[in-house]
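Spelled out, the chains give:
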2 protein chains.
Amino acid sequence: MDKYLKAALEEAYKGLSEGGIPIGSVLVLDGKIIARGHNRRIQNGSAILHAEMDCLERAGRLTAEEYKKCTLYSTLSPCDMCSGASLLYKIPKIVIGENVNFQGPEDHLRARGVETIVINDGECIELMRKFIENNPTLWNEDIGE
Amino acid sequence: MDKYLKAALEEAYKGLSEGGIPIGSVLVLDGKIIARGHNRRIQNGSAILHAEMDCLERAGRLTAEEYKKCTLYSTLSPCDMCSGASLLYKIPKIVIGENVNFQGPEDHLRARGVETIVINDGECIELMRKFIENNPTLWNEDIGE
């Protein structure tokens, strides 16, 4: 597995070990991971800290020039909110671990010029599948259903 | 002025008094303001706490049924991130104080079925115009430019 996606998956497992929703994300700039994040809905009682949002927040206030050189990795297809955050900061590339269990507005990202790559990694799919099967209500809350 | 937009504008002034970017937001459910927020880029060193995000975070973990009865007010046209958060939670109506100084993806919101109302209130316009004039670099950072 791609080392950056692997780092995102490690974040997902960290979230799971905290009793949270197992979705992880990393932000990569010039080949270096500059921030890591995971979903904190349960841990922080948060409505906005999806993995990608947590990762962007932990990256701190970057310049537009820095964002334009970044790649955002997420174990799961980014939802409208997280896709929107990427569009705000004009992050040019997003690598998605899987979009089998959930698919965000990938076409919208592509239409706005974002290189959007879907891996559909088996471990990412299985981790999320099991979590959703065991926690359907919590999962629906996280995606506004 | 609409009392809810007035409350959002009060949040914008609160942000300004803290040395922050003067954008405010409130979330209204069944005619009652259930959360208030303002941009906290400066105050918290935050890349994600735009006014609407701060407001949604302070509202806490609502149910899908609650979000579907909400109206989100913002003194300024919501950016891609904040629009995306509204789409995630299927908030059906957004009232925008002004879109003269900045315009987010309002057409995208409308295409996705969100009732999107622009007031273009003079006080909202003037507050933002002056702030941008005096803080162009900071403002550009906030919108990823």
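Since this is a predicted model, take the numbers as computed values, not measurements.

Describing empty space enclosed by the protein
- Under the defined criterion, the tally for this structure stands at three cavities of 30 Å³ or more.
- Of the volumes computed, that of the largest cavity is approximately 90 Å³.
- Around the largest cavity sit 13 residues that line it, and I23(B), H50(B), E52(B), L76(B) and S77(B) are the ones nearest its centre.
- Listed by contribution, the elements that provide at least two residues to the lining of the largest cavity are α3 (51-59) and α8 (136-142) of chain B.
- By residue class, the composition of the lining of the largest cavity is eight nonpolar, three polar and two charged.
- Roughly 80 Å³ of volume is contained in the second largest cavity.
- Along the walls of the second largest cavity sit I23(A), H50(A), A51(A), E52(A), L76(A), S77(A), P78(A), C79(A), F102(A), W139(A), D142(A) and I143(A), which together make up its complete lining.

A closer look at the confidence of the model for chain A
- Looking at chain A as a whole, the pLDDT averages 98, with 100% of positions reaching at least 70.
- This prediction of the complex comes with two scores: 0.98 for pTM and 0.97 for ipTM.

Brief notes about the interface of chain A and chain B
- Between chain A and chain B, the contact holds 33 residues from the first and 33 residues from the second.
- Across the interface of chain A and chain B, roughly 2,800 Å² is buried in total on both sides, 56% from carbon and sulfur atoms.
- Of all residues in chain A, I48(A), R61(A) and L88(A) bury the most surface against chain B, accounting for 24% of the area lost on that side.
- If you look at where chain A meets chain B, you find six salt bridges.
- With a shortest N-O distance of 2.8 Å, R112(A) and D80(B) are connected by a salt bridge.
- Summed over the shared surface of chain A and chain B, the number is 20 residue pairs in polar contact (both at pLDDT 80 or more).
- At the level of elements, α2 (41-44), α3 (51-59), α4 (64-67), α5 (80-88) and α8 (136-142) of chain A are the ones that each hand at least two residues to the side of chain A that touches chain B.
- Considering every element that reaches the side of chain A that touches chain B, the biggest residue donor is α5(A), with six residues.
- Tallied by class, residues from the side of chain A that touches chain B come to 17 nonpolar, seven polar and nine charged.

Topic: the sheet that holds strand β5 (residues 115-118) of chain B
All names here are of chain B.
- Taken in spatial order, the five strands of this open sheet run β2-β1-β3-β4-β5, and their pairing is mixed. What marks the edges here is a single partner per strand, and that holds for β2 (32-38) and β5. In this sheet, neighbouring strand axes are inclined to one another by 15 degrees on average, regardless of whether the strands run parallel or antiparallel.
- Strand direction decides the pairing type here: strand β1 (residues 24-29) and strand β3 (residues 70-74), joined by five bridges, are antiparallel. Note on β3: the bridge partner recorded for S25 is S74.
- In the packing of α3 onto the sheet, contacts are made with β1, β2 and β3, and the angle to β2 comes to roughly 130 degrees.

Some remarks on the relation of the copies chain A and chain B
- When chain A is fitted to chain B, the residual RMSD is 0.0 Å, and the transformation amounts to a turn of 180 degrees plus an axial shift of 0.0 Å. Such a combination of turn and shift is consistent with a two-fold rotation axis.

A word on the pairing of strand β1 (residues 24-29) of chain A
All names here are of chain A.
- The element β1 is largely enclosed, with a buried count of six among its six residues.
- With burial as the criterion, each face of β1 is covered, one bearing G24, V26 and V28 and the other bearing S25, L27 and L29.
- By the bridge criterion, six bridges tie β1 to strand β2 (residues 32-38) in an arrangement that is antiparallel. When the sheet's bridge partners are listed, L27 is paired in β2 with A35.

Cut-offs used in this document
- Residues numbered from 1 in each chain as written.
- Chains lettered and ligands numbered in written order.
- Predicted model: local features only at pLDDT ≥ 70, side-chain atom pairs only at ≥ 80, totals over all residues.
- Heavy atoms only, no water.
- 1 Å grid on protein atoms, 1.4 Å probe; cavity = no way out; pocket = protein on both sides within 12 Å on 5 of 7 lines; lining within 4 Å.
- Points joined across faces, edges and corners; volume = space filled by probe spheres on them.
- Helix = DSSP H or I, 4+ residues; strand = E, 2+ residues; numbered from the N terminus.
- Nonpolar A, V, L, I, M, F, W, Y, C, P; charged D, E, K, R; others polar.
- pLDDT = per-residue confidence, 0-100.
- Contact = heavy atoms within 4.5 Å.
- Buried area = accessible area lost by both parts, 1.4 Å probe.
- Salt bridge = Lys/Arg side-chain N within 4 Å of Asp/Glu carboxyl O.
- Polar contact = N/O pair within 3.5 Å; in protein donor to acceptor, adjacent residues only side chain to side chain.
- Pairing = 2+ DSSP bridges.
- Axes fitted to C-alpha atoms, helices over the stretch in contact; angles between N-to-C directions.
- Least-squares fit on C-alpha atoms with pLDDT ≥ 70 in both.
- Buried < 20%, exposed > 50% of the residue type's maximum accessible area, 1.4 Å probe, protein only.

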